[in-house]
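# Overview (structure and organization)
One-letter residues, chain by chain:
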Amino acid sequence: MSRIGLLSRAEWPEPFANAMGAIFGEREPLALMTAVAQSPRAWEKFSGASMSGKGPLDFRHREIVIDRTAAKTGNEYEWGAHITMFAGKAALTEPQVRSLFDGDAYDGNWSEAETALIAATDALLDRKKLSDAEFAALTAHFDTPQVLEVVQLVGFYHSVALVVGALDLQNEAGFTRFPTTD
């Protein structure tokens, strides 16, 4: 469940209820959402930083960054949510999903632009910065708003991993788990 419990539907403040209706319709929202929403301030900060909605990156590129960040931060909860709900829509193949989990940017599963995205994500998580060569590779394929979105996505989903880990959120029922290692 969660170390702090989950906000029940009867307790939802109107702004949160409206947001959940827009995102999930009549389906139950993810536990992550109802856990964070126990504090209106925490929810405001979380939802403001989430960068949901259409941004400068296309859907596939956005998912590559999110999935790689989830894998590299050990966030099985977010990995499961995104692979289950969005990998198909992002046209990620099984070898690509596996590569995002434990592969390499240069393992032959990716276009040049996608290789640059994965390498940049890895560098940001491993070293908290991009080398000149990594930045040049990224900007060869993405404009300034897109580069900023990559950095912010990595930062936000790293933060999500911290929230999930601190609250000990368990995977949603029926969602994909991390692949087993060979």
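The structure reproduced in this document is the subject of the present report. (Residues numbered from 1 in each chain as written. Predicted model: local features only at pLDDT ≥ 70, side-chain atom pairs only at ≥ 80, totals over all residues. Heavy atoms only, no water.)

## Topic: the pattern of salt bridges
Per the stated rule, a full pass over the model turns up eight salt bridges. The partner of Arg127 in a salt bridge is Glu134, with the nearest N and O atoms 2.4 Å apart. (Salt bridge = Lys/Arg side-chain N within 4 Å of Asp/Glu carboxyl O.)

## A word on unusual backbone geometry
For Ala91, which is not glycine, the phi torsion reads 55 degrees and is therefore positive. Position of Ala91 among the secondary structure elements: in the loop between helix H5 (76-86) and helix H6 (94-102). In this structure, Asp168 is a non-glycine residue whose phi angle is positive, near 55 degrees. (Helix = DSSP H or I, 4+ residues; strand = E, 2+ residues; numbered from the N terminus.)

## Some details on the packing of aromatic side chains
Tallying each qualifying case throughout the model produces nine aromatic pairs. Judged by centre distance (5.2 Å) and plane angle (55 degrees), the ring pair of Phe46 and Phe156 falls under tilted. One end of the pair, Phe46, is in helix H3 (residues 40-49); the other, Phe156, is in helix H9 (residues 144-167), with 110 residues separating them in the sequence. The two residues Phe46 and Phe156 agree in class, both being buried. Within the aromatic cluster, the residues linked to one another by ring pairs are Trp12, Phe16, Trp43, Phe46, Phe156 and Tyr157. We note Lys89 situated over the ring of Phe59; from NZ or CZ to the ring centre the distance is 4.5 Å. (Phe/Tyr/Trp six-rings, centres within 6.5 Å; stacked < 30°, edge-to-face > 60°. Buried < 20%, exposed > 50% of the residue type's maximum accessible area, 1.4 Å probe, protein only. Lys NZ or Arg CZ within 6 Å of the ring centre and 35° of its normal.)

## Considering the side chain of Gln96
Structurally, Gln96 can be placed in helix H6. Relative accessible area serves as the criterion here: at 9%, Gln96 is assigned to the buried category. Excluding residues that lie within four positions of it along the chain, Gln96 makes contacts with Arg60, Ala91, Asn109, Trp110 and Glu114. (Contact = heavy atoms within 4.5 Å.)

## Describing H6
Turn by turn, an α-helix covers 3.6 residues, leaving residues three or four places apart pointing in a common direction. The complete set of buried residues in H6 reads Gln96, Val97, Ser99, Leu100 and Phe101. Tucked into the core, H6 has its buried residues touching helix H4 (59-72), H5 and helix H7 (112-127).

## Here we look at the nonpolar core
In this structure, Phe16, Leu32, Met33, Trp43, Phe46, Leu138 and Leu169 are the most contacted members of the largest nonpolar core, which totals 40 residues. Secondary-structure elements contributing two or more residues to this core are helix H1 (14-24), helix H2 (31-36), H3, H4, H5, H7 and H9. Ala70, Ile83, Ala90 and Trp110 belong to the second largest nonpolar core, which has 16 residues in total. (Core = buried A, V, L, I, M, F, W, Y, C linked by side-chain atoms within 4.5 Å.)

## A word on the side chain of His61
Its place among the elements puts His61 in helix H4. Discounting chain neighbours no more than four positions away, the residues touching His61 are Glu114, Leu117 and Phe142.

## Looking at the packing of H4 against H5
Where H4 meets H5, the axes come as close as 9 Å, and the angle between the chain directions of the two elements is 150 degrees. Here H4 lies roughly antiparallel to H5, going by the angle between them. Crossing geometry of H4 relative to H5 is assigned as left-handed. In this structure, H4 uses Phe59, Glu63, Ile66, Asp67, Ala70 and Ala71 to contact H5, whose residues at the interface are Glu78, Trp79, His82, Ile83 and Phe86. Considering only residue class, the contact of H4 with H5 consists of seven nonpolar, one polar and three charged. (Axes fitted to C-alpha atoms, helices over the stretch in contact; angles between N-to-C directions. Parallel < 35°, antiparallel > 145°, perpendicular 65-115°, else oblique. Left-handed = near helix turned anticlockwise from the far one by under 90°. Nonpolar A, V, L, I, M, F, W, Y, C, P; charged D, E, K, R; others polar.)

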